[in-house]
Each structure stands twice: as structure tokens, then as C-alpha cells.
Amino acid sequence: MKNKKNLNKYIEISKGDIYVFSFMTVVIFLILLYISYKINWYCFLLFDIVMVFATIGKFKVYFNLKKIKEYLINNQLIDKIGTIDYWNEKNYFLTDNYMIILSNGAISVFSYSEISEIFVETYLELGKMSSIQKYLHIVLNTNDEYKILIFSTSLVGEDFKDISQYLLNKNSNIKIGENKNNYKKRLKKHISR
């Protein structure tokens with residue numbers, strides 16, 4: 001039952017995050033309400049929207065973790081996953097024996113030996129607000145494919161890291177595919193007078 005404690009630890013952490021973020025949202029709202037009242041300009045309250053969305057995100061993480069735990073228990077995998085090595089705080093776990101991923105509301109659990117290929121896809125957007133995002137594609141023997149964020153210059157609501165070497169250490173037979181690049185250039189619209 002060691003793994004239940006491991007997973008329960010993450011569930012407790014996410015529950016604690018909900019309490020902290022909810023408390024901070026209320027405190028910031030009250031401070032902004034006071035400032036707005038003093039200067040008689042209530043548009044300041046809109047700044048609390050950021051905290052509201054962050055709190056909603058913490059609720060989503062909590063319910064995702066509960067869903068993953070229920071899936072593992074129902075499929076009798078809770079005692080087979082081994083210890084949890086990494087959690088990206090959003091939608092996937094790396095454990096001793098399996099990768100667990102939540103994608104489009106569905107949970108997939110697969111062993112590292114089921115991975116046939118990995119490759120990196122890069123999205124480069126050029127313009128005034130240029131950004132780069134890299135995704136690791138994980139292709140299984142069944143041709144199912146998963147895409148996870150491994151790098152970003154944009155502000156994203158998840159922890160990301162390149163797990164390629166971790167996967168290769170777990171299964172040295174994984175084929176490394178050719179990287180793919182996608183470029184997008186934002187053009188400035190010219191208005192003729």
C-alpha cells in the first residue's frame with residue numbers, strides 16, 4: 001500500500017494548495033475592495049481575476065488526481081505502479097513501472113516497454129511577442145500518441161521538463177524520431193488611409 005500513500009500525498013498537497021489559493025484570493029479581493037472604496041474606482045477588483053483562475057486551476061488538479069487514483073484502484077494498478085518519480089502538477093506521472101497520463105479527460109496507463117518512438121515538435125512564433133514551445137511526442141506500439149510540453153518561453157500553468165532521457169533509461173529500445181519544426185510569423189496589419 002506504499003503507492004496509495006504516495007498518491008495520497010500528492011492529493012493532500014493539492015488540497016492544501018486549494019486552501020492557500022482560496023485564502024489568498026479572498027485576502028486580495030478584500031484589499032482591492034478597500035483600495036477601490038478609498039479611491040472610488042472599483043475597476044481594481046478585476047485584478048483578482050488572476051487569483052480566481054489560479055484557484056480554479058488548483059481545483060482542477062485536485063479532481064484530476066482523484067480521478068487518476070480511482071482509475072488505478074478500479075483497474076487494480078495502484079500496487080503495481082511503483083514509486084512516483086515525477087509529477088508535472090497537471091496531467092502526467094512517471095512511476096517506476098508505468099507512465100500515467102490524463103489526456104482529453106481520459107486516463108492512460110502504459111509501461112515504458114510499450115513506447116516505440118519519441119520525437120520533439122517545436123512551435124516557433126515570430127513577431128512582437130515571439131515564443132517557443134517544444135512538445136515531446138510519445139508513440140506507443142499501438143500507434144496511440146501523446147504530446148507533453150517540455151519547454152516554453154510563454155507563461156504556462158504547468159511544470160515542464162524534458163523527460164526524453166528518463167524514458168530512454170526505462171526502455172533503451174525506444175526509437176528517437178526526427179524532430180519537427182513549425183514556424184508561424186505574425187504579420188503586422190497595415191491600414192491604408
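We now turn to the structure provided with this report.

### Focus: helix H2 (residues 49-74)
With 26 residues, H2 extends 37 Å between its outermost C-alpha atoms, agreeing within 8% with the 38 Å of an ideal straight helix rising 1.5 Å per residue. Those residues of H2 not exposed but buried are Met-51, Thr-55, Val-61, Tyr-62, Asn-64, Leu-65, Ile-68, Lys-69 and Leu-72. Backbone geometry just after H2 places Gln-76 at a positive phi near 50°.

### Brief notes about the pattern of salt bridges
Summed over the entire model, instances satisfying the criterion amount to 2 salt bridges. Put simply, Lys-15 and Glu-12 hold a salt bridge, and the shortest N to O gap is 3.6 Å. With Lys-15 and Glu-12 both in helix H1 (residues 2-39), this residue pair falls 3 residues apart, about one helical turn. On the basis of relative accessible area, Lys-15 is assigned to the partly exposed category, the value being 26%. Residue Lys-58 is joined to Asp-17 by a salt bridge in which the shortest nitrogen-to-oxygen separation is 4.0 Å. Within this pair, whereas Lys-58 is found in helix H2, its partner Asp-17 is found in helix H1, the two being separated by 41 residues in sequence. The class for Lys-58 is partly exposed, based on a relative accessible area of 23%.

### Regarding the pairing of strand S2 (residues 92-95)
Side-chain alternation along S2 places Tyr-92 and Leu-94 on one buried face and Phe-93 and Thr-95 on a second face that is also buried. For strand S1 (residues 84-87) and S2, the ladder comprises 3 bridges, and the chain directions are antiparallel. Across the sheet, residue Trp-87 finds its bridge partner in S2, namely Phe-93. Here S1 folds back onto S2, and the loop between the two strands holds 4 residues, one of which, Glu-89, carries a positive phi near 65°. Alignment of S2 against strand S3 (residues 98-103), held across 3 bridges, turns out to be antiparallel. Within S3, the position partnered with Tyr-92 by the bridge is Ile-101. Where S2 folds back on S3, the antiparallel hairpin that results is connected by 2 residues.

### Examining the pairing of S3
Judged by how many residues are buried, S3 sits mostly within the fold: 5 of 6 residues are covered. As paired strands, S3 and strand S4 (residues 106-111) are joined by 6 bridges and run antiparallel to one another. From the neighbouring strand, Ile-101 faces S4, where its bridge partner is Ser-108. The antiparallel pairing of S3 with S4 creates a hairpin that spans 2 residues between the two strands, and Asn-104 there sits at a positive phi of about 55°.

Cut-offs applied
Sequence positions are assigned chain by chain, starting from 1 and proceeding in written order. With the structure being a predicted model, the display of local features is reserved for residues of pLDDT at least 70 and the display and counting of side-chain atom pairs for 80 or more, all residues being used for whole-chain, interface and lining totals. Just so you know, side-chain values use all the structure's heavy atoms and leave hydrogens and water out. Only DSSP runs of H or I covering at least 4 residues are called helices, and only runs of E covering at least 2 are called strands; the numbering of each starts at the N terminus. Helix span, as expected, comes to 1.5 Å for every residue beyond the first. Whether a residue is buried, partly exposed or exposed follows from its accessible area with a 1.4 Å probe, protein chains only, as a fraction of its type maximum: under 20%, in between, or over 50%, in that order. A pairing counts as a salt bridge when a side-chain nitrogen of Lys or Arg comes within 4 Å of a carboxyl oxygen of Asp or Glu. What makes two strands pair is DSSP finding at least two bridges between them.

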